[in-house]
Protein chains: 8
Amino acid sequence: GFAKVDHHRKKRQGFPEVIFGEGKSASQIIDISRAMMNKQENILITRVSEEKATAICEEIPSFEYDQISRTLVRRYQEKLEYQLDGYIAIVCAGTSDLSVAEEAAKTAEAFGVEVRRFYDVGVAGIHRLFAHIDEIRDATVSVVIAGMEGALPSVVGGLVSHPIIAVPTSIGYGANFQGLSALLTMLNSCASGISVVNIDNGFGGAYNAILIHRLANKRT
Amino acid sequence: GFAKVDHHRKKRQGFPEVIFGEGKSASQIIDISRAMMNKQENILITRVSEEKATAICEEIPSFEYDQISRTLVRRYQEKLEYQLDGYIAIVCAGTSDLSVAEEAAKTAEAFGVEVRRFYDVGVAGIHRLFAHIDEIRDATVSVVIAGMEGALPSVVGGLVSHPIIAVPTSIGYGANFQGLSALLTMLNSCASGISVVNIDNGFGGAYNAILIHRLANKRT
Amino acid sequence: GFAKVDHHRKKRQGFPEVIFGEGKSASQIIDISRAMMNKQENILITRVSEEKATAICEEIPSFEYDQISRTLVRRYQEKLEYQLDGYIAIVCAGTSDLSVAEEAAKTAEAFGVEVRRFYDVGVAGIHRLFAHIDEIRDATVSVVIAGMEGALPSVVGGLVSHPIIAVPTSIGYGANFQGLSALLTMLNSCASGISVVNIDNGFGGAYNAILIHRLANKRT
Amino acid sequence: GFAKVDHHRKKRQGFPEVIFGEGKSASQIIDISRAMMNKQENILITRVSEEKATAICEEIPSFEYDQISRTLVRRYQEKLEYQLDGYIAIVCAGTSDLSVAEEAAKTAEAFGVEVRRFYDVGVAGIHRLFAHIDEIRDATVSVVIAGMEGALPSVVGGLVSHPIIAVPTSIGYGANFQGLSALLTMLNSCASGISVVNIDNGFGGAYNAILIHRLANKRT
Amino acid sequence: GFAKVDHHRKKRQGFPEVIFGEGKSASQIIDISRAMMNKQENILITRVSEEKATAICEEIPSFEYDQISRTLVRRYQEKLEYQLDGYIAIVCAGTSDLSVAEEAAKTAEAFGVEVRRFYDVGVAGIHRLFAHIDEIRDATVSVVIAGMEGALPSVVGGLVSHPIIAVPTSIGYGANFQGLSALLTMLNSCASGISVVNIDNGFGGAYNAILIHRLANKRT
Amino acid sequence: GFAKVDHHRKKRQGFPEVIFGEGKSASQIIDISRAMMNKQENILITRVSEEKATAICEEIPSFEYDQISRTLVRRYQEKLEYQLDGYIAIVCAGTSDLSVAEEAAKTAEAFGVEVRRFYDVGVAGIHRLFAHIDEIRDATVSVVIAGMEGALPSVVGGLVSHPIIAVPTSIGYGANFQGLSALLTMLNSCASGISVVNIDNGFGGAYNAILIHRLANKRT
Amino acid sequence: GFAKVDHHRKKRQGFPEVIFGEGKSASQIIDISRAMMNKQENILITRVSEEKATAICEEIPSFEYDQISRTLVRRYQEKLEYQLDGYIAIVCAGTSDLSVAEEAAKTAEAFGVEVRRFYDVGVAGIHRLFAHIDEIRDATVSVVIAGMEGALPSVVGGLVSHPIIAVPTSIGYGANFQGLSALLTMLNSCASGISVVNIDNGFGGAYNAILIHRLANKRT
Amino acid sequence: GFAKVDHHRKKRQGFPEVIFGEGKSASQIIDISRAMMNKQENILITRVSEEKATAICEEIPSFEYDQISRTLVRRYQEKLEYQLDGYIAIVCAGTSDLSVAEEAAKTAEAFGVEVRRFYDVGVAGIHRLFAHIDEIRDATVSVVIAGMEGALPSVVGGLVSHPIIAVPTSIGYGANFQGLSALLTMLNSCASGISVVNIDNGFGGAYNAILIHRLANKRT
Ligand SMILES: Nc1ncnc2c1ncn2[C@@H]1O[C@H](COP(=O)(O)O)[C@@H](O)[C@H]1O
Ligand SMILES: Nc1ncnc2c1ncn2[C@@H]1O[C@H](COP(=O)(O)O)[C@@H](O)[C@H]1O
Ligand SMILES: Nc1ncnc2c1ncn2[C@@H]1O[C@H](COP(=O)(O)O)[C@@H](O)[C@H]1O
Ligand SMILES: Nc1ncnc2c1ncn2[C@@H]1O[C@H](COP(=O)(O)O)[C@@H](O)[C@H]1O
Ligand SMILES: [Mg+2]
Ligand SMILES: [Mg+2]
Ligand SMILES: [Mg+2]
Ligand SMILES: [Mg+2]
Ligand SMILES: [Mg+2]
Ligand SMILES: [Mg+2]
Ligand SMILES: [Mg+2]
Ligand SMILES: [Mg+2]
């Protein structure tokens, strides 16, 4: 029967509760959060505007808001210790993709996974990427985020051997078509070992990376 | 300097050589294959029509052609032994997606990774999926292939905890737009832990899964 | 001649008057409503913003506004009794599609048809759907509403034998393209017995279901 | 448990077995058909080319092929008697949509449902539609098929009170974009009571109509 | 040389000056208008918001603003007399397309051409069109305006023998894609004698009709 | 009643019968033609392949086939005399659009209207257009045909005062998208007095021009 | 090693520093600008709203803001002298494309290159272009900017022999699709010697022209 | 007057005659070529299939056919000497883009311009590009050709200072959409100094480069 589903749940034990904040009112989020707080788990809420965050934090002061990633995090354990070996590399070109990159980074950290940030390594100045390539290579998995033409995952993919989760962003204008350009670039990448999530889905990029990172640790 | 690149290559030692057969003539493929045969590695050639395969096998009889997946494989070691624990699940709905599913399966096998096939589990008859769900759950990673509306990865994603590589296929007609429908479905999946490769890219789906599978084994 | 048209009208006797509120000013809606009130029928107005609703209700206090569905309803008969056997199932994944689902539900109720709501049954957690499947199956017809990847009608369609009216919503982001993703998914469904209406057209979904529900009752 | 699924199956008792012929070889179809013939049910195979049909009929002479609809039907009962009251109207503009219209008609007939054909009633000469409108109105449900601009369902929808299943076809050229034009027209119809299936999906249009037609008869 | 161009200008003598107001500031429009006022011709300005219109009329009180069509007109001759025989029919479905229809009507009137308005004749209630068909037929040319599915020109085109200029509007939602649906419908019309202008281009629809209407009068 | 429709027909007296040949078999065309031949009118058949034409002409030798325009014409009156003053200008850039331009020209001639051809006047060498501009200006109406970027109607529209029917063609490659590029160019033209028909619709372009040309003559 | 990259930098000596202002806050721009001011080079910031510009100029008064082009420029040398022979032609149709044209012009000037502006030469009134064609021809390279149908580069391209950088703008409505129409027109141009940059990318258009202009001067 | 046009022609003296072979029959090409041969200039014909080439060469044996680029060239001067300093770099990823790259190369050579080919430098193995970067940098201008994700021009653009003409190719499958993916990538490039021509337009890429190359030589 459907006890199978519970089995699935159990496998993810230790994962924080996640709420997708977009399209939910502050009071809806407060209600859901309160229900979750009984479970004594970390809570991560994504896509929360500053205005909503203020309203929520007034009610539940244990939430910490981060403006750039637009995430709210509540840590059940005061100081979170990393339980896993290694780290996830979060790679992007620069300031414009920062918001998506930080959604990914904060997500991974809320799941107790170490991340290293490589945030100024766009393909138009490829020497910046090379300056960090060894540290990127030593990650378990990379989340590579790019807007405009979205070429970064192809270049990184040609230089590292681990799996890459590519996240297109909606940064750009004109023939960018709100991220379609970067999305198509990533889906058509010549480099192997790249898979793609939805435009601006920093959370999703990190979530896939976390699953892989856990697998790499599981059997030790 | 660029010795870094060699380092990258080394990490992938033991991987077979892969040739993308589409758009290459039989004689071009023969030339490339001959050059590779010196390296004493397995060789995998994808997207080879029957006609081309015949011409190639006449010249290089050590190639084995598989009609459904349209792959040519040459095994350097007579009998390939699986070096890794566990298996990759290849999941699809039925006969129409078979060709892409088998491209994925043959790819994994050419890389020395065990696969298990779950080929009759489309969402329109979901009980068939449930009959196999425990065996799918026990895989390291799943490659989930679907054409038409492409809903299968979402459903599987809700039932398993490991990463899913979703492969849309171009199977369908009308508003399917050669696989665009399934591609969008997968990119927009409500289920977490799903990343996507290009339409009909069975090879790419498997390649990502193999990288993950290796990671899961590496630290043992 | 065109008396035929009257014949058509007559067949729909007992149906409420419906006004599509979008793009009409409050005063335009008031004028149209007043003209209709002579007919002593129920009146349903869809797509009314809260601001407009306030202005209208001040003038015509017999209207009841519902914030979630954004509908205004005026009941000519104080307490509406259901004249038909059976019910329509309104099925959706959760909070984000609520507005469209409730537009459908309020429409059916304004037409005197019983609805049952199944509002937390998204495909990413399919056990929730199974918990209610028998009650959904016993409906005459289902209106199945889904945003993001829009896979829910396919799954429901595989589990019930009655007709399904699928309503894609514009909920999502990135490669969702304002509901295009869900729309294509539904048009390409592998499951038989599914037909589709326009994105966010909760009214249209319900209207088709009502016509079918009436047919199922007509010959008794 | 999943015995529920059987329950679903049972509700459709008396339905013929259906095979989607596209993308299946003649020998695959023969194998599937033979397996089904044990069940002593009618068999309907859609999307069968003339060439494949010849090969299949040689092996299984009890199949009857229809060139226009490209369907193969095997009737288990020598002479099929209509068990249901009323009929389904199949409405289209003319010769170019004939193939899709006949796929719908043959489907309904294979399910034992009476159809009436209205095949020369395009909107550019609307008097032809009016000549038949009373007979169309008396149907339980209409399947309205149109290519090019796809306006026919809107016009019919304004004249009849029963549900309409609209089927866009890929007939046209230039800005028709293989049926996209007609599909969008139908999804955006001003007339209520119209739902839509995939481009060229005559089978699907009929299947939905059949489910509705059965409902209209069920409670008698 | 280019005196040819003057020749072209001359042929259009008696035409008012036209300004496309969108994207121009009130003060830019005032400057252009003042320069034109020396020419002692009628002036037509399209796409003027209410706010801009107020600013302009304060400076140039001889302008008359029309809210629905968003046009400003300045008549050099106090009372305009129609110099041409016959009239142009402006045909549309109802309130939602009114703004575009009136842009067309006001344009024709500014050019001294009589128009007759047929504004409640949508295809979903085709008897309304028939009530006026004789008067529409007697026009020299029709401008037929439609949003949503845009089927009206096809139906009118089948009933009249004069040329039809079809104007798609952006009215609709979801799969309407801002008027794309209606545009494609019109381009794919089965009826002959229909040509199409840009979405929401009421001015362009009228301008084409005016040129035709003048031709029909020229040779008298 | 619908006698109105006959009235419409009558107004078009003297028009030839037209058959759209695409998607009709040779024998279907022969049957339709024979039925029409009783009416003692000219017959025009468009979109007829050479192969079909040969089969048809064998049966009905009075048909004349034109390879470039792919039209079949049967003239009831041995030698057709032009009954109307003036001519239609058919304007295009060169050899690649010839087929569409000739479909337009042959259509006009089959309707007894004089055409003048201006076939080497593309915008990339604009002096060629200027060499003929006076003769183009003296036409009643122009049909302007263009593939690739489709800029020709804009340029002609700026130089002539009569109405222009623009016909985009599917000539081009890459980002041409089978004529979409030219279609959009024409719909967005800055020049007034341009309306557009479907891609490659030479017949439709001519038909609109003929209606206008007749109007210009009617009142003499 | 990567000293190569420095070599690349050196070749562009004398170029101003450029900041893409869109998506950066005033304070981010101030920080970046201050860091650059040490380099004693001209600074160009594009896509700066009036509001941001005010905030920036308050902090760094040496910046000059231009409303139309939305650029901020800081000149290190009080009076900039042109170091290169010849000029770049900036060609566009009129007021609506002014903002993009001026972004191009200001860019070139910030790089010390002379520009000549030809701003009222749209294809719908082609005599205006001819009045200036000799001066355009004498430029080293032209930046041709056009919205709506985007035909101007094709016409200019047929009249001049130097390279043309075409810049589509998002000016237009309806089937313009935010500049897609003009973009496709330019990519499909029949005229040779035209290459294209992104929609509204006045900066990019100028930058390419500057590189070409420098080449034309380099070898003197 | 239009003597201006001749002036334009003169400036291009020394350029070969070019014929676009696509859509022209062998005999049409022969006729055009013969007319041109009087002019004693080199002749270049692009997009000629092998079959057509054979027919043409039989008639005009002085033509040389190149299978890969599908070009025919006739050299008026037996041995062509390069008259210009420097060279154009033709850069692409490998075998799949060869046909387009060679169309560019043969075009440049037919115009008497030296080219250097860099044909194995795709971004997925970026060390190959670095091995040649100095020689690419020393070119006057680069034509960078790429299919699939089209990232190569962005990377090259970040490493060289001269202008880059980017040519997207239609190589790829699935979400490549016949080159749309590469086209969008190039239009959205983060690197400055890149302009784009139509998909597969090797000729156009070279033509733009030739114009720039001539400019760089002109003033010496
Ligand atoms: N930024 C995000 N983008 C996409 N999915 C998200 C995001 N944040 C959270 N989610 C997913 O949304 C789920 C919660 O959705 P909900 O139940 O609507 O709060 C989580 O389990 C995640 O899988
Ligand atoms: N939310 C809705 N979406 C689409 N159609 C609607 C909706 N609400 C009402 N309608 C239709 O709009 C018609 C009324 O349109 P109107 O005459 O503009 O008020 C009704 O008869 C319904 O068929
Ligand atoms: N023409 C058709 N278009 C779409 N679906 C069809 C068609 N004909 C049959 N089907 C569906 O395809 C199913 C059989 O698919 P298969 O298992 O591939 O034979 C049937 O149960 C029908 O639901
Ligand atoms: N090339 C064409 N493109 C579009 N419509 C055409 C064409 N040729 C003929 N037609 C139209 O098709 C109608 C005949 O269609 P049919 O009844 O299918 O032969 C004619 O009355 C014309 O209006
Ligand atoms: Mg890699
Ligand atoms: Mg999962
Ligand atoms: Mg079902
Ligand atoms: Mg109806
Ligand atoms: Mg007509
Ligand atoms: Mg004009
Ligand atoms: Mg030129
Ligand atoms: Mg550069």
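Residues numbered from 1 in each chain as written. Chains lettered and ligands numbered in written order. Predicted model: local features only at pLDDT ≥ 70, side-chain atom pairs only at ≥ 80, totals over all residues. Heavy atoms only, no water.

- Chain A is annotated in an unreviewed UniProt entry as Nickel pincer cofactor biosynthesis protein LarB from Gracilibacillus marinus.

## A few points about the pattern of salt bridges
Residues and elements named next belong to chain E.
Item 1. According to the stated counting rule, one finds 72 salt bridges over all chains in the structure shown.
Item 2. Taking the shortest distance from any N to any O, the salt bridge between Arg117 and Glu102 comes out at 2.6 Å. Pair noted here: Arg117 is in strand 6 (residues 115–118) and Glu102 is in helix 4 (residues 98–110), with a separation of 15 residues, a long-range link.
Item 3. When its relative accessible area of 35% is taken as the criterion, Arg117 is described as partly exposed.
Item 4. You can call Glu102 buried: its relative accessible area is 9%. (Salt bridge = Lys/Arg side-chain N within 4 Å of Asp/Glu carboxyl O. Helix = DSSP H or I, 4+ residues; strand = E, 2+ residues; numbered from the N terminus. Buried < 20%, exposed > 50% of the residue type's maximum accessible area, 1.4 Å probe, protein only.)

## Focus: the site of ligand 3
Item 1. Taken together, B:Tyr173, C:Ser192, D:Val18, D:Ile19, D:Phe20, D:Lys24, D:Thr46, D:Arg47, D:Glu103, D:Asn201 and D:Phe203 make up all the residues around ligand 3.
Item 2. Mapping the residues adjacent to ligand 3 onto the chains of the assembly identifies chains B, C and D.
Item 3. Taking D:Arg47, its side chain carries an N or O atom lying 3.4 Å from a nitrogen atom of ligand 3.
Item 4. At 3.1 Å, a side-chain N or O of D:Glu103 approaches a nitrogen atom of ligand 3. (Near = heavy atom within 4 Å. Polar contact = N/O pair within 3.5 Å; in protein donor to acceptor, adjacent residues only side chain to side chain.)

## Side note on the nonpolar core
Item 1. By size, the foremost hydrophobic cluster in this structure holds 250 residues, and its most contacted members are B:Leu129, D:Leu129, E:Leu129 and H:Leu129.
Item 2. E:Leu129 has contacts with E:Val121, E:Ile136, E:Leu152, E:Val155, E:Val156 and E:Leu159, leaving out every residue within four places of it along the chain. (Core = buried A, V, L, I, M, F, W, Y, C linked by side-chain atoms within 4.5 Å. Contact = heavy atoms within 4.5 Å.)

## Considering the confidence of the model for chain A
Residue and element names in this part refer to chain A.
Item 1. Averaged over all residues, the pLDDT of chain A is 89; the fraction at 70 or higher stands at 90%.
Item 2. Below a pLDDT of 50 lies the segment residues 1–7, which in the model reaches 13 contacts outside its immediate sequence neighbourhood of four places, other chains included.
Item 3. Across the interfaces of the predicted complex, the ipTM metric reaches 0.94, alongside a pTM of 0.94. (pLDDT = per-residue confidence, 0-100.)

## Let's talk about the UniProt feature "domain: PurE" (unreviewed entry) in chain A
Item 1. In the numbering adopted here, UniProt assigns the feature "domain: PurE" (unreviewed entry) to residues 86–218 of chain A.
Item 2. The span residues 86–218 of chain A is 40% helical and 17% strand by assignment, and the distance between its end C-alpha atoms comes to 12 Å. (UniProt positions renumbered as here; feature names shortened; annotations may be inferred.)

## Here's the deal with the packing of helix 9 (residues 202–218) of chain A against helix 9 (residues 202–218) of chain B
Each packed pair of helices is defined by two parameters, the angle between the axes and the distance between the axes.
Item 1. Following both chains from N to C, one finds helix 9 of chain A and helix 9 of chain B inclined at 35°, their axes separated by 6 Å at the closest point. Between helix 9 of chain A and helix 9 of chain B lies a crossing whose hand is right-handed. Facing helix 9 of chain A, whose interface residues are A:Ile212, A:Leu215 and A:Ala216, helix 9 of chain B presents B:Ile212, B:Leu215 and B:Ala216.
Item 2. Residues that form the contact of helix 9 of chain A with helix 9 of chain B fall into these classes: six nonpolar, no polar and no charged. (Axes fitted to C-alpha atoms, helices over the stretch in contact; angles between N-to-C directions. Left-handed = near helix turned anticlockwise from the far one by under 90°. Nonpolar A, V, L, I, M, F, W, Y, C, P; charged D, E, K, R; others polar.)

## Remarks on the relation of the copies chain A and chain G
What relates the pair of chain copies is a rotation about an axis plus a shift along that axis.
Item 1. For the pair chain A and chain G, the relating rotation is 90°, the translation along its axis is 0.2 Å, and the fit reaches an RMSD of 0.0 Å. Expressed as a symmetry operation, the mapping of one chain copy onto the other fits a four-fold axis. Relative to the rotation axis, the closest C-alpha in chain A is found at A:Phe177, a distance of 7.3 Å. (Least-squares fit on C-alpha atoms with pLDDT ≥ 70 in both.)

## Notes on the coordination of the magnesium ion (ligand 7)
Item 1. The protein atoms donating to the magnesium ion (ligand 7) are C:Gly157 (O) and C:Val160 (O), with metal-donor distances spanning 2.2 to 2.4 Å. Each member of the pair C:Gly157 and C:Val160 is classed as buried. (Donors = N, O, S within 2.8 Å, 3.2 Å for Na, K, Ca; no water.)

## Concerning the interface of chain A and chain G
Item 1. Facing eight residues of chain A, the contacting portion of chain G comprises 13 residues.
Item 2. Roughly 850 Å² is buried in total at the junction of chain A and chain G, and carbon and sulfur atoms are behind 70% of that figure.
Item 3. At the boundary of chain A and chain G, one finds zero salt bridges.
Item 4. Here chain A is connected to chain G by three residue pairs in polar contact (both at pLDDT 80 or more). (Buried area = accessible area lost by both parts, 1.4 Å probe.)

## With respect to the environment of E:His213
Residue and element names in this part refer to chain E.
Item 1. With respect to the helices, strands and loops of the structure, His213 is situated in helix 9 (residues 202–218).
Item 2. Of the residues examined, His213 reaches a relative accessible area of 0% and is grouped as buried.
Item 3. Separated by 125 residues in sequence, His213 and Ile88 place their C-alpha atoms 7.5 Å apart.
Item 4. If we ignore the near neighbours within four places in the chain, the residues touching His213 are Leu84, Asp85, Gly86, Tyr87, Ile88, Val113 and Thr140.
Item 5. A polar side-chain atom of His213 sits 3.1 Å from the main-chain carbonyl oxygen of Asp85.

## Topic: the site of ligand 2
Item 1. Taken together, the neighbourhood of ligand 2 is formed by C:Val18, C:Ile19, C:Phe20, C:Lys24, C:Thr46, C:Arg47, C:Glu103, C:Asn201, C:Phe203, D:Ser192 and E:Tyr173.
Item 2. With respect to ligand 2, the chains having nearby residues are chains C, D and E.
Item 3. Within the side chain of C:Asn201, a nitrogen or oxygen atom sits 3.1 Å from a nitrogen atom of ligand 2.
Item 4. Take E:Tyr173: an N or O atom from its side chain is 2.9 Å from a nitrogen atom of ligand 2.
Item 5. The protein chains hide 70% of the 500 Å² of surface that ligand 2 would expose on its own.
Item 6. Element by element, the count of residues in the shell around ligand 2 is highest for strand 1 (residues 17–20) of chain C, at three residues.
Item 7. Of the residues assigned to the shell around ligand 2, the class counts are five nonpolar, three polar and three charged. (Areas by Shrake-Rupley, 256 points an atom, 1.4 Å probe, with all protein chains shown as cover.)

## Re the sheet that holds strand 1 (residues 17–20) of chain E
All names here are of chain E.
Item 1. Reading across the sheet, the four strands line up as 1-2-4-3 and stay open at both edges, with mixed pairing between neighbours. With one partner strand each, in any of the chains shown, strand 1 and strand 3 (64–66) form the two edges of the open sheet. Here the average twist between neighbouring strands, direction ignored, is 15°. (Pairing = 2+ DSSP bridges.)

## Brief notes about the sheet that holds strand 4 (residues 71–74) of chain A
What links the strands of a sheet is backbone hydrogen bonding, and the strands pair in either a parallel or an antiparallel sense.
Residue and element names in this part refer to chain A.
Item 1. In spatial order, the strands read 1-2-4-3; together these four strands make up an open sheet with mixed pairing. Because the sheet does not close on itself, it has two edges, and the strands there are strand 1 (17–20) and strand 3 (64–66). Sheet twist, expressed as the mean angle between neighbouring strand axes with direction ignored, is 15°.
Item 2. Bridge analysis of strand 1 against strand 2 (residues 43–46) gives four bridges, and the strand direction is parallel. Its bridge partner being in strand 2, Phe20 is matched across the sheet by Thr46.
Item 3. Against the sheet, helix 4 (residues 98–110) contacts strand 2, strand 3 and strand 4, and its axis sits at roughly 165° relative to strand 2.

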